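Residues per chain, in single letters:
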Amino acid sequence: MTATAPRHAGPGVRREPASPAASGGRAGTVRRSLFRALPVSPAVVLLLLFLAGPIGYCVVIAFTDLQLTGQAESSFVGFENFTRAFRDEAFLNAVWLTLVFTVLSSLIGQNTLGLALASLMQRASKPVRTLTGGIVVTAWVLPEVVAGFLLYAFFRREGTLNAILDWLRLPSQNWLFTLPILAVSFANVWRGTAFSMLVYSAALNEIPKEVTEAAEVDGASGWRRMWHITLPMIRRSIGTNLMLNTLQTLSVFGLIWVMTRGGPSGKSQTLPLFMYEQAFQNSLIGYGTAVALLLLLIGSLFSVVYLRLLRTEF
Amino acid sequence: MASTLAPRRTPASTARRGRRRMAADAGLLVAAAAFVLPLAWVVLSALDPHASLRVKVPDGVTLDNFDAILTPEITFTPLLNSLVLCGGATALTAVCAALAAYPLSRFRSRLNRPFLLTVLFATSLPITAIMVPVYALFVRVNLIDTMHGTIFFFAASQLPFAIWLMKNFMDGVPKELEEAAWTDGASSFQSLLRIVLPLMGPGVAVVTVFSFVMMWGNFFVPFMLLLTPDQMPASVSINDFFGNRGMVAYGQLAAFSIVYSTPVILLYVLISRRLGGGFALGGAVKG
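Just so it is clear, the model here is predicted, and its values are computed rather than measured.

### Here's the deal with the interface of chain A and chain B
Point 1. At the interface, 110 residues of chain A touch 104 residues of chain B.
Point 2. Counting across the interface, chain A meets chain B through zero salt bridges.
Point 3. Broken down by element, the side of chain A that touches chain B gets its largest block of residues, 13 residues, from helix α2 (residues 41-61) of chain A.
Point 4. Its residues assigned to classes, the side of chain A that touches chain B shows 73 nonpolar, 19 polar and 18 charged.

### A word on empty space enclosed by the protein
Point 1. Evaluated as defined, the whole model comprises two cavities of 30 Å³ or more.
Point 2. By volume, the largest cavity is sized at about 1,300 Å³.
Point 3. Around the largest cavity, the lining is made up of 46 residues, and of these A:R191, A:Q248, A:S251, B:F210 and B:M214 lie nearest the centre.
Point 4. Sorting elements by how many residues they give to the lining of the largest cavity places helix α10 (residues 201-217) of chain B first, with six residues.
Point 5. Residue composition of the lining of the largest cavity, grouped by class: 30 nonpolar, 14 polar and two charged.
Point 6. Here the second largest cavity is characterised by a volume of approximately 30 Å³.
Point 7. Surrounding the second largest cavity, B:S82, B:L85, B:C86, B:F154, B:M215, B:W216, B:N218, B:P222, B:P233 and B:S235 form its lining.

### Some remarks on the layout of surface pockets
Point 1. Counted as a void, the largest pocket has a volume near 960 Å³.
Point 2. In terms of lining, the largest pocket is formed by 28 residues, of which the most central are A:S119, A:Q122, A:R123, A:T212 and A:R225.
Point 3. When contributions to the lining of the largest pocket are tallied by element, the ones reaching two or more residues are α4 (89-123), α5 (126-141), α9 (180-205), α10 (209-217) and α11 (222-233) of chain A together with α2 (11-47) of chain B.
Point 4. Along the lines of polarity and charge, the residues of the lining of the largest pocket split into 10 nonpolar, eight polar and 10 charged.

### Section: the confidence of the model for chain B
Residue and element names in this part refer to chain B.
Point 1. Looking at chain B as a whole, the pLDDT averages 84, with 90% of positions reaching at least 70.
Point 2. Low pLDDT (under 50) marks residues 1-6, which in the prediction has three contacts with non-local residues, meaning those over four places away or in another chain.
Point 3. In this model residues 282-287 is a low-confidence stretch, pLDDT under 50, and it forms 25 contacts with partners more than four residues away in sequence or in other chains.
Point 4. Across the interface, the model reports ipTM at 0.85; the global pTM reads 0.85.

### A few points about helix α9 (residues 188-199) of chain B
All names here are of chain B.
Point 1. Three or more residues of α9 are buried, namely S188, S191, L192 and V196. Across the axial projection of α9, the buried residues extend over an arc of 100°, all falling on one side.
Point 2. For α9, the elements touching its buried residues are α4 (72-106), α7 (147-171) and α8 (176-183).

### Considerations on the packing of aromatic side chains
Point 1. Summed over the entire model, instances satisfying the criterion amount to 31 aromatic pairs over all chains.
Point 2. Ring centres of B:F212 and B:W216 lie 5.4 Å apart, and the angle between their planes is 25°; on these two criteria the pair is classed as stacked. Here B:W216 and B:F212 lie together in helix α10, a separation of four residues that amounts to about one turn. Here B:F212 matches B:W216 in class, with each residue buried.
Point 3. Judged by centre distance (4.6 Å) and plane angle (25°), the ring pair of B:F219 and B:F223 falls under stacked.
Point 4. Here the aromatic cluster, defined as three or more aromatic residues joined through ring pairs, consists of A:F253, A:W257, A:Y276, A:F280, B:Y135, B:F219, B:F220 and B:F223.
Point 5. Lying over the aromatic face of A:Y287, A:R84 brings its terminal NZ or CZ to 4.5 Å of the ring centre.
Point 6. Note that A:K267 overlies the ring of A:F177, its terminal NZ or CZ placed 5.9 Å from the centroid.

### Re the packing of α7(B) against α10(B)
Residues and elements named next belong to chain B.
Point 1. Relative to each other, α7 and α10 sit at 155°, their axes nearing to 10 Å. One element, α7, and the other, α10, form an angle in the roughly antiparallel class. Between α7 and α10 lies a crossing whose hand is right-handed. Seen from α7, the contacting residues are F154, A155, Q158, F161, A162, L165, M166 and F169; seen from α10, they are G203, V204, V206, V207, F210, S211, M214 and M215.
Point 2. Taken together, the residues of the contact of α7 with α10 sort by class into 13 nonpolar, three polar and no charged.

### Some remarks on the side chain of B:S105
Residue and element names in this part refer to chain B.
Point 1. Its location among the elements puts S105 in helix α4.
Point 2. With relative accessibility at 1%, the residue S105 sits in the buried group.
Point 3. Within the structure, S105 has its side chain in polar contact with the side chain of R106 (distance 3.1 Å).

### Quick notes on the environment of A:T29
Residues and elements named next belong to chain A.
Point 1. Mapped onto the fold, T29 is located in helix α1 (residues 26-37).
Point 2. By relative accessible area, T29 is classed as partly exposed at 36%.
Point 3. For the pair T29 and L179, spaced 150 residues apart in the sequence, the C-alpha separation amounts to 64 Å.

### Concerning the side chain of A:Q269
All names here are of chain A.
Point 1. Inspection of the secondary structure puts Q269 in the loop between α13 (254-259) and α14 (271-281).
Point 2. Among the residues examined, Q269 registers a relative accessible area of 7% and is labelled buried.
Point 3. If near-sequence neighbours (up to four positions away) are discounted, Q269 is found in contact with A94, L97, G262, F274 and E277.

### Here we look at the pattern of salt bridges
Residue and element names in this part refer to chain B.
Point 1. Throughout the structure, instances matching the rule amount to two salt bridges over all chains.
Point 2. A salt bridge links E178 to R106, with the shortest nitrogen-to-oxygen separation between them at 2.9 Å. Here R106 lies in helix α4 and E178 lies in helix α8, a separation of 72 residues in the sequence.
Point 3. With relative accessibility at 0%, the residue E178 sits in the buried group.
Point 4. Here R106 falls in the buried class, since its relative accessible area comes to 2%.
Point 5. Measuring nitrogen to oxygen at the nearest pair gives 2.9 Å for the salt bridge that ties K167 to D171. Placement of both K167 and D171 in helix α7 is noted, with a separation of four residues, approximately one turn of the helix. An identical accessibility class is assigned to K167 and D171; each is buried.

Reading guide: rules and limits
- Residues numbered from 1 in each chain as written.
- Chains lettered and ligands numbered in written order.
- Predicted model: local features only at pLDDT ≥ 70, side-chain atom pairs only at ≥ 80, totals over all residues.
- Heavy atoms only, no water.
- Contact = heavy atoms within 4.5 Å.
- Salt bridge = Lys/Arg side-chain N within 4 Å of Asp/Glu carboxyl O.
- Helix = DSSP H or I, 4+ residues; strand = E, 2+ residues; numbered from the N terminus.
- Nonpolar A, V, L, I, M, F, W, Y, C, P; charged D, E, K, R; others polar.
- 1 Å grid on protein atoms, 1.4 Å probe; cavity = no way out; pocket = protein on both sides within 12 Å on 5 of 7 lines; lining within 4 Å.
- Points joined across faces, edges and corners; volume = space filled by probe spheres on them.
- pLDDT = per-residue confidence, 0-100.
- Buried < 20%, exposed > 50% of the residue type's maximum accessible area, 1.4 Å probe, protein only.
- Arc of directions from axis to C-beta.
- Phe/Tyr/Trp six-rings, centres within 6.5 Å; stacked < 30°, edge-to-face > 60°.
- Lys NZ or Arg CZ within 6 Å of the ring centre and 35° of its normal.
- Axes fitted to C-alpha atoms, helices over the stretch in contact; angles between N-to-C directions.
- Parallel < 35°, antiparallel > 145°, perpendicular 65-115°, else oblique.
- Left-handed = near helix turned anticlockwise from the far one by under 90°.
- Polar contact = N/O pair within 3.5 Å; in protein donor to acceptor, adjacent residues only side chain to side chain.

Structure (structure tokens):
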């Protein structure tokens, strides 16, 4: 699949122009390199101070018993925070819920629905395509907290979903109380599907028409074409999309916070909310940070896979 | 290819095509209906004098809800805070990203590839995870509850993606024009400012708008790093509708949601018209 940005031409083609800073000699080369690196420095400083710094600090305090109040000094406690986590049922519960949330809303929900919408759009008429696309994208562009409120209203006992179920004479219930993790997963599908839809629309548009038409003429049914032709041709998009969706979903905080605060009694408490509760409601910064570090490690793992998927691209 | 296929387009296949289009339209409309329900609630409730939590046609249209929230305390101060916060951070992000992208795009260096890989890696790190250590660090260095501290962190968190996107856009600007400028004695900085950036105007706009929209909607970062109520941006102050005011006035909450969301939706429309739907994905989802 072609990338949007042009890649470097072959080594022979891309020659260095004579830049204003160019001057002869080895010292000149060093000076030139430094001079050229200069514009990067504000970004590097910001990234080091405010991103690499906190990550480094995260690694340090995850191994201490730092607390929010009272204690002026913290001490090194080794792996205690981590062993504690794996013995803590609330932590294991949060890991499980994070897994459920990610699989339900990202891998299954956003990804499949996004692909379905994108492939329907290939065939639909223009006004319908524009209308649906506009609505789905609006859900995506809305601020996190607003999206949270809208879905809170949707799932509440006296909310819209139950109104519809009543109308259909189906049993209604208090979704945010009985099945909170399902409700927040649906919320995440509602909010995040646009991303997959846009990715897959772009990918599907790049499949040459001749290929699918030829298959159609040969009598391949819609499902077979999807399975044997379309999916293999967009598999790289599927890979990167799954990766980014997963990473997005792993770090969802505001949406769940607004809808359920992780409750009732931890039934929708994913890792970010568990981390927040430990660090601030229980004042255990060290423990909370250990959880954060685990989350960061999971994220880095996905991030590395993502890089591998893009490897040949630049 | 097309010509060999053309004779096979019989009336039957055209009819099948038509049916398939109808089916696709129907499928999309069902999805649209499901997606629009929560959105319909916010619009209808904002105009409804007796708003509740379910979608219903208002028993009268009123602007009282907007009237009630358009006060300095509820709306203007938080929106202004949002503007200062996100505007400052976006400006910082865009400037740093443009400067950083220039050598990455223009000069060859052994460091380019590792740097870009690091940037791409950082792009996909879950920022949520580091908010607790960032809080602890900010307390230690006295940046907690400061606008500038929050702006710096916001900018840093958005920078990896912004650099990556900016570099890709910059690669699209041909080098010849710049070389001509150099021959005429312009410095790198001058050619970046006068030639490259104007030529990649839409790209710069995309990076800027995208950063701004991401920060405008972000809840967790200001929620953690700002403490004083006067400094809260709209993403956090909207919470007050629930906790502190007792009975929730859903109509006002809906009205506020609309006022708060409108700028980013407008910005998105503005930018997507110009560059097509998948603009934001250009850099991140190649492949």
